Amino acid sequence: MNNSKIKRPELYKEGNKKIEFAEMHMPVVMKLRELYLKEKPLDGIKISAALHVTKETAVLIKTFQLWGAQIFLSPSNPLSTQDDIAASLANIDNLIVEAWRGMTNDEYFMAIRDAAKFKPDIVIDDGADLHITLHEEMPGIAEKVLGGNEETTTGVIRLKALEKENKLLYPVIAVNNALTKFMFDNRYGTGQSSIDGILRSTNVLIAGKKAVVAGYGWVGRGIANRLKGFGARVIVTEVDPIKALEAVMDGFDVMTMDEASKIGDIFITATGDIDVIRAEHMLNMKEGAILANAGHFNVEVSVKDLENISDSKEVVRENTVKYTLRNGKHLFLLGEGRLVNLVAAEGHPSEVMDMSFANQALSVLYLLKNKGKLKKEVYNVPYDQDQYVAKLKLETMNIKIDELTPEQVKYLESYK
């Protein structure tokens, strides 16, 4: 093994099998891997990545390694690392992994800092903790970075804030903003995997329950629609009038969290903001209500408030803690209020991460191709790249679509 820091090295064989399974279900990334294998476009390039250490991430990281890169992989959440995957990756040349499930906050940021100290040419992040650490603590290293990618809505918001203050030290591709990312990963991926996490943690019946979804962005849309498919009676809370109106037109009840807190059975936050569910909401809740979070950081369900209004807590199932409130009621918090789909389940299915990670791979190549030409700004994925990923995905699904005739193109381009 290399200089990796992991906890369960004996699990590498199990990790190998899971990665092979993911490779079978990520045909676009595998097609790109094969396309550039001989060229080795990342030869001599150092990549630091802060990503959820899952079998899907492993397929991307292995692709970079086979393209010639040296890689340092740290986690993007203390509880999302799958130890068997980390063990498998730790046996690959030119790849250092510093991640294990159940890291303390200090251990997590130690890994992030070690990834920054790797002095990368390219930075790939999921949530922007690595980007922010480089900017705030190691600007000398950050100034030499050629460029970076960002995978999440939350991370893009943080980086846009840096850009607005003229503090961004290298160009970043907002991979999250690719249509072939957020329309599928955020909606179908998080929608399915969040419910997967809730079911693994509780095994409750979804049908007939009143499920409250906080936030109706792409993640919230996905969760609400998957819950609807399971037979839940879905309620949406929002602060954006347009999104709230959209939820109404999609057939969901829309109300304030104050109202929803009194009638909900299951609560799932998906806003990217702090204190979405607070003490006053928790005290309103029905006996046995379930609290889960699908946003990137563990700030949407106020765990601090929950601790303050409780007399005791008890682990009743894996990733499920029962809180006994001072008013005598009981609430169940899943996954410590962290990303329920990665803490309590395996994250997004491979098929949907196929497009997201194809965009990650192509965006790295784009950054290198345009080295020195890009301003220190946050860029969207080029539209032709988005189209290319969708085209490859359709091809791997054996689906053909029509093409415009020359006459149709001419018609659409004419003002007449």
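K.L.:
What is the right way to look at unusual backbone geometry in this model?
P.N.:
Excluding glycine, most residues fall at negative phi; most peptide bonds, likewise, are trans. A positive phi angle is found at N94, which is not glycine, with a value near 60°. As for its position among the elements, N94 is in the loop between helix 4 (83–89) and strand 3 (95–97). With a phi close to 55°, K119 is a non-glycine residue in the positive phi region. Secondary-structure assignment places K119 in the loop between helix 5 (105–117) and strand 4 (122–125).

K.L.:
Would you mind showing me how to read helix 8 (residues 153–164) here?
P.N.:
If you check helix 8, its first and last C-alpha atoms are 16 Å apart, about what 12 residues at 1.5 Å a residue would give, namely 16 Å. Every buried residue of helix 8 is listed here: T154, G155, V156, L159 and L162. Next to the buried residues of helix 8 lie helix 6 (129–137), strand 5 (147–150), strand 6 (172–174) and strand 15 (378–380). Backbone geometry just downstream of helix 8 places N166 in the positive-phi region, at approximately 60°.

K.L.:
What is the right way to look at the sheet that holds strand 8 (residues 233–237) in this model?
P.N.:
The strands that make up a sheet are held in pairs by hydrogen bonds between backbone atoms, and each pair lies either parallel or antiparallel. Strand order in the open sheet formed by 8 strands is 9-8-7-10-11-14-13-12, with mixed pairing between adjacent strands. The open sheet has two edge strands with one neighbour each: strand 9 (253–254) and strand 12 (310–317). Examined bridge by bridge, strand 11 (residues 289–293) and strand 14 (residues 330–334) share 3 bridges and lie parallel to one another. Opposite I290, over in strand 14, you have F332 as the bridge partner. Across the sheet, helix 10 (residues 218–229) touches strand 7 (210–214), strand 8 and strand 10 (266–269), and the angle it forms with strand 7 is around 170°.

Rules used throughout
- Residues numbered from 1 in each chain as written.
- Predicted model: local features only at pLDDT ≥ 70, side-chain atom pairs only at ≥ 80, totals over all residues.
- Heavy atoms only, no water.
- Helix = DSSP H or I, 4+ residues; strand = E, 2+ residues; numbered from the N terminus.
- Expected span 1.5 Å × (residues − 1).
- Buried < 20%, exposed > 50% of the residue type's maximum accessible area, 1.4 Å probe, protein only.
- Contact = heavy atoms within 4.5 Å.
- Pairing = 2+ DSSP bridges.
- Axes fitted to C-alpha atoms, helices over the stretch in contact; angles between N-to-C directions.

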